[in-house]
Amino acid sequence: MIKSGMEDVIACQSDICRIEIENGRAILEYRGYDIHDLAKHSCYEEVAYLLLFGELPSKSELEYFKAELADKRELPPQIIGLLTHLPPITHPMVVLRTAISYLGSMDKYIHHRSYEKSIEKAKSLIAKFPTIVAYYHRIRTGQNLVHPNDDFDHAANFLYMLHGEEPSWTSIKALDLDLILHADHELNASTFAARIAASTMADMYASVVAATGTLMGPLHGGAAQKVMEMLREVAVPWRAEEYVKEKLERKERIMGFGHRVYKKTMDPRTIELKVLAKKLADEKEPKWYEISEAIAEAVYKLKGLLPNVDFYSASVYANLGIPDDLFINIFALGRIAGWTAHIIEQYENNRLIRPRALYTGGKNKHYVPIEERD
Ligand code: COA
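Residues numbered from 1 in each chain as written. Predicted model: local features only at pLDDT ≥ 70, side-chain atom pairs only at ≥ 80, totals over all residues. Heavy atoms only, no water.

Engineer: Any chance you could explain helix α14 (residues 287–303) here in plain terms?
Structural biologist: The α-helix winds at 3.6 residues per turn, so residues separated by three or four positions along the chain end up facing the same way. Given a rise of 1.5 Å per residue, 17 residues ought to cover 24 Å, and the 24 Å separating the end C-alpha atoms of α14 matches this to within 8%. For α14, the full list of buried residues reads Trp-288, Tyr-289, Ile-291, Ser-292, Ala-294, Ile-295, Ala-296, Ala-298 and Val-299. Residues of α14 that are buried make contact with α11 (223–234), α12 (240–249), α13 (268–283) and α15 (309–319). Within two residues after α14, Gly-304 carries a phi angle of roughly 70 degrees, on the positive side. (Helix = DSSP H or I, 4+ residues; strand = E, 2+ residues; numbered from the N terminus. Expected span 1.5 Å × (residues − 1). Buried < 20%, exposed > 50% of the residue type's maximum accessible area, 1.4 Å probe, protein only. Contact = heavy atoms within 4.5 Å.)

Engineer: Even after reading the chapter, I still don't get the layout of surface pockets, so can you show me in this structure?
Structural biologist: If a probe the size of a water molecule is rolled over the atoms, the empty space left behind becomes visible. Put simply, the largest pocket is a space of about 1700 Å³. Taken together, 50 residues line the largest pocket, and the ones lying closest to its centre are Leu-219, His-259, Arg-260, Val-261 and Lys-263. In the lining of the largest pocket, the residues fall into 23 nonpolar, 12 polar and 15 charged. In this structure, the second largest pocket encloses a volume near 530 Å³. Listed by contribution, the elements that provide at least two residues to the lining of the second largest pocket are α2 (44–53), α9 (189–199) and α16 (327–348). Broken down by element, the lining of the second largest pocket gets its largest block of residues, 5 residues, from α16. Residue composition of the lining of the second largest pocket, grouped by class: 14 nonpolar, 5 polar and 7 charged. (1 Å grid on protein atoms, 1.4 Å probe; cavity = no way out; pocket = protein on both sides within 12 Å on 5 of 7 lines; lining within 4 Å. Points joined across faces, edges and corners; volume = space filled by probe spheres on them. Nonpolar A, V, L, I, M, F, W, Y, C, P; charged D, E, K, R; others polar.)

Engineer: Teacher, can you tell me more about the site of the ligand here?
Structural biologist: Around the ligand sit 18 residues, and of these Arg-253, Ile-254, Gly-256, Phe-257 and Arg-260 come closest. Between the ligand and the protein, one listed contact pairs an oxygen atom with a side-chain N or O atom of Arg-253 at 2.8 Å. Contact between the ligand and Lys-303: an oxygen atom at 3.0 Å from a side-chain N or O atom of the residue. Against a free-state accessible area of 860 Å², the protein chains account for coverage of 68% of the ligand. When each cavity is represented as a set of grid points, the ligand is found to reside in the largest pocket. A breakdown of the residues in the shell around the ligand according to their chemical character gives 8 nonpolar, 5 polar and 5 charged. (Near = heavy atom within 4 Å. Polar contact = N/O pair within 3.5 Å; in protein donor to acceptor, adjacent residues only side chain to side chain. Areas by Shrake-Rupley, 256 points an atom, 1.4 Å probe, with all protein chains shown as cover. Sits in = over half its atoms within 2 Å of the grid points.)

Engineer: Would you explain the pairing of strand β2 (residues 25–30) in this entry?
Structural biologist: On a regular strand, each side chain points to the face opposite its neighbour's, so the side chains alternate between the two faces of the sheet. Most of β2 is tucked away, with 5 of its 6 residues classed as buried. Note that strand β1 (residues 17–22) and β2 share 6 bridges and pair antiparallel. For Cys-17, the partnering residue across the bridge sits in β2 and is Tyr-30. Connecting β1 to the antiparallel partner β2 that follows it, the hairpin turn spans 2 residues, and Asn-23 within it adopts a positive phi of roughly 50 degrees. For β2 and strand β3 (residues 33–34), the ladder comprises 2 bridges, and the chain directions are antiparallel. If you follow Tyr-30 over to β3, its bridge partner there is Tyr-33. Linking β2 back to β3 in an antiparallel pair, the connection comprises 2 residues, with Arg-31 at a positive phi of about 50 degrees. (Pairing = 2+ DSSP bridges.)

Geometry only, nothing functional implied.
Printed below as a string of structure tokens:
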């Protein structure tokens with residue numbers, strides 16, 4: 001008996017992320033710490049440290065880690081050259097995975113997989129992801145590059161490089177929280193892809209490229225961009241129910257709804273993101289949140305599905321002034337901490353991931369040379 005889509009199959013052991021449904025409530029923990037506590041008290045750098053090293057840092061360890069990341073943010077001129085030469089119609093996720101490959105080609109330790117070297121690569125990728133995304137966006141829109149600023153923490157610096165102005169406190173806190181919520185999620189498709197690549201002893205850049213390519217699909221991280229398209233199409237809350245009804249009648253999927261693991265329970269990240277989306281709506285533009293609420297109500301009424309992490313991300317990003325086609329990249333800016341932690345865990349206790357397929361094709365066919373075929 002095969003489980004379609006490997007549903008509920010335990011494919012590896014991991015100390016990084018716990019997802020469990022207990023008494024009808026979903027638990028999500030990074031290294032044993034509840035996501036709601038991290039959302040309330042932590043910052044992205046602390047969460048990245050926790051995922052990579054397995055423990056919360058002391059105050060001085062966190063300050064040192066932040067400084068190390070800040071120090072690694074700038075891109076080599078060759079990567080800036082690449083961003084300049086890619087056609088401006090290139091999707092920013094394609095740009096990101098191309099730049100990761102290029103970074104790999106410049107690392108003389110690319111094939112070293114010791115714990116120390118892997119941690120160095122992970123820090124460099126976490127630090128450089130935001131710069132790649134912000135630089136490419138400014139280049140394609142004909143704006144001057146805004147170089148990283150050491151005075152700003154990770155989330156603030158990204159918004160600063162993207163928009164070219166000091167971000168508001170509300171925007172910084174919102175993005176920081178969003179990155180925390182996206183930092184890891186056990187064996188989601190992109191992390192699994194990363195672990196499969198790492199299990200062949202492929203280098204970290206190759207493993208992260210595998211993850212980045214996998215994230216882009218609309219059934220995974222690509223959903224948030226599709227949610228925004230839907231919000232724009234619906235345009236006003238009163239049109240939501242009719243829109244959802246028509247989509248369901250056509251047997252189409254409503255993006256941002258449903259989840260392989262959280263079937264009847266709300267994804268804990270969605271709970272946090274909904275509060276965040278409402279807060280931003282109250283302080284900035286309420287429209288996207290209001291349409292989102294109307295869609296969520298209609299989808300629940302007509303199909304019984306709950307929103308997932310990508311649903312409220314869309315209105316959050318819109319209110320942060322992030323262009324729609326950067327939404328998947330923002331997911332990646334958070335998830336890179338989880339991907340690298342999983343790759344390192346895979347290297348540390350590796351066995352090739354190589355499952356089997358149940359063969360369902362034809363058998364024992366007689367080969368006829370091409371000249372003799374009709
Ligand atoms: N819109 C409409 N129907 C949906 C749906 C959606 N977003 N997600 C699931 N369903 C329905 C399926 O049609 C199916 O209904 P049926 O039993 O009446 O045929 C049922 O729910 C189960 O769907 P299934 O495809 O088996 O679920 P899955 O676990 O394989 O898929 C997702 C999980 C996330 C891929 C799926 O929910 C989806 O496509 N969501 C939209 C994309 C998205 O938001 N992705 C981000 C995930 S974080």
